[in-house]
Amino acid sequence: MIDPQRSTPENLVARVRAVLPSLTPSAQIIARLILDDPATVARSTITELSAASATSEATIVRTARALGFSGYAQLRLALAAAAATNRQGPDRLVPGDLAPDDPLSDVIAKVTRAEAQALEDTAAQLSPDLLGEVVTAITTARRIDVYGVAASGLVAQDMAQKLLRIGLSAHAFTDAHLALTSAVLLRPGDVAVGVSTTGETPDVVEPLRRAGKAGAATVAITNNPRSSLAEVCGHVLISAGRETAFRPGALASRISQLLIVDYVFVGVAQRTSEVSNEALRTTRDALDHFVSDSRQRGRKAW
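(A) Focus on helix α2 (residues 25–36). Taking 1.5 Å of rise per residue, 12 residues should cover 16 Å, and α2 covers 16 Å from first to last C-alpha, within 8% of that figure. Restricting attention to buried positions, one finds in α2 the residues Ala 27, Gln 28, Ile 30, Ala 31, Ile 34 and Leu 35. The buried residues of α2 occupy one face: seen down the axis, they fall within an arc of 160°.

(B) Quick look at the pairing of strand β3 (residues 191–195). Buried residues dominate β3, accounting for 5 of its 5 residues. Residues of β3 alternate between two faces, with Val 191, Val 193 and Val 195 on one and Ala 192 and Gly 194 on the opposite face, all of them buried. As paired strands, strand β1 (residues 144–147) and β3 are joined by 4 bridges and run parallel to one another. Considered in β3, the bridge of Asp 145 is made with Ala 192. As defined by bridge partners, β3 adjoins strand β4 (residues 217–222) across 5 bridges and the pair is classed as parallel. If you follow Ala 192 over to β4, its bridge partner there is Thr 218. Once you follow β3 into helix α12 (residues 202–213) and on to β4, the crossover reads as right-handed.

(C) Structural context of the sheet that holds β1. Ordered in space as β2-β1-β3-β4-β5, the 5 strands form an open sheet in which the pairing is parallel. The sheet is open, and its two edges are formed by β2 (170–173) and β5 (235–238), each paired on a single side. The sheet shows a mean angle of 20° between the axes of neighbouring strands, taken without regard to direction.

(D) The arrangement of the nonpolar core in detail. Counting 30 residues, the largest nonpolar core has Ile 138, Ile 144, Met 159, Val 193 and Val 264 as its most contacted members. If you list the elements that add at least two residues to this core, you get α9 (128–139), β1, α10 (150–165), β3, β4 and α14 (251–271). Not counting chain neighbours up to four residues away, the residues in contact with Ile 138 comprise Ile 144, Met 159, Leu 163, Leu 168, Val 191, Val 264 and Val 268. Listed in part, the 23 residues of the second largest apolar core include Ile 30, Ala 31, Phe 69 and Tyr 72.

Cut-offs and rules
- Residues numbered from 1 in each chain as written.
- Predicted model: local features only at pLDDT ≥ 70, side-chain atom pairs only at ≥ 80, totals over all residues.
- Heavy atoms only, no water.
- Helix = DSSP H or I, 4+ residues; strand = E, 2+ residues; numbered from the N terminus.
- Expected span 1.5 Å × (residues − 1).
- Buried < 20%, exposed > 50% of the residue type's maximum accessible area, 1.4 Å probe, protein only.
- Arc of directions from axis to C-beta.
- Pairing = 2+ DSSP bridges.
- Right-handed = clockwise from strand over helix to strand, strands pointing away.
- Axes fitted to C-alpha atoms, helices over the stretch in contact; angles between N-to-C directions.
- Core = buried A, V, L, I, M, F, W, Y, C linked by side-chain atoms within 4.5 Å.
- Contact = heavy atoms within 4.5 Å.

Right, here's the structure in full:
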């Protein structure tokens, strides 16, 4: 359970956003009330909130527990702290969604705010202890396979490329058949990482399920802590970006995943600093020489 004295406004809001897609429709009503006006919810008794949301008191208690609290009373304490700390109003909590008639000045402001909020929320809810467990698993792994499709596939490729640059055996798979082929050949001592915003992409969930059965350590990078991907993975790192009708595969979702990848990469590089620094120097020199030679060949051709 969550300690209300240590629950900051940032990680409470991030937690609500993270679980929102996986909640029942009635629980989503309560969650949106929390996001829209935490001060009012904090002042409301469970009976008053039940009447305001047209939901049952049992649903309110279940929603509080889904957010990591023992019950509604503990949630109210955290909300009161959030309301007292936050002086910027609902806009700070819920960035406005894009509308068809928004002027470009509003598009710039809303998209920028969404991206910044995604980074803040991801950082607020990430457990250093859990991140440390993932870093340890990757640092000592024989092989690291990363799975993702579409926009999340780009994140998978970025993670594999970063780890490869510091001398680790890392591979990205964006094709379902190749992903399954890779997953079933993993064994204890290997690490499988699945990247999926919703956590419900079959092309990612099934390889992670197979990798876990093969004995590999499994890691999820997802927005949804109650997703199928989270259920089959031993470690779950929660990203916080939201996608909307105008922004499927939105940068906010991808940038929050990339932030987690950077956390992992830096953590691994720290643990293996001597080896990783040498690998980075060697690969950088190779790329610099390749670019230099290519330019010289280009000049000669002219």
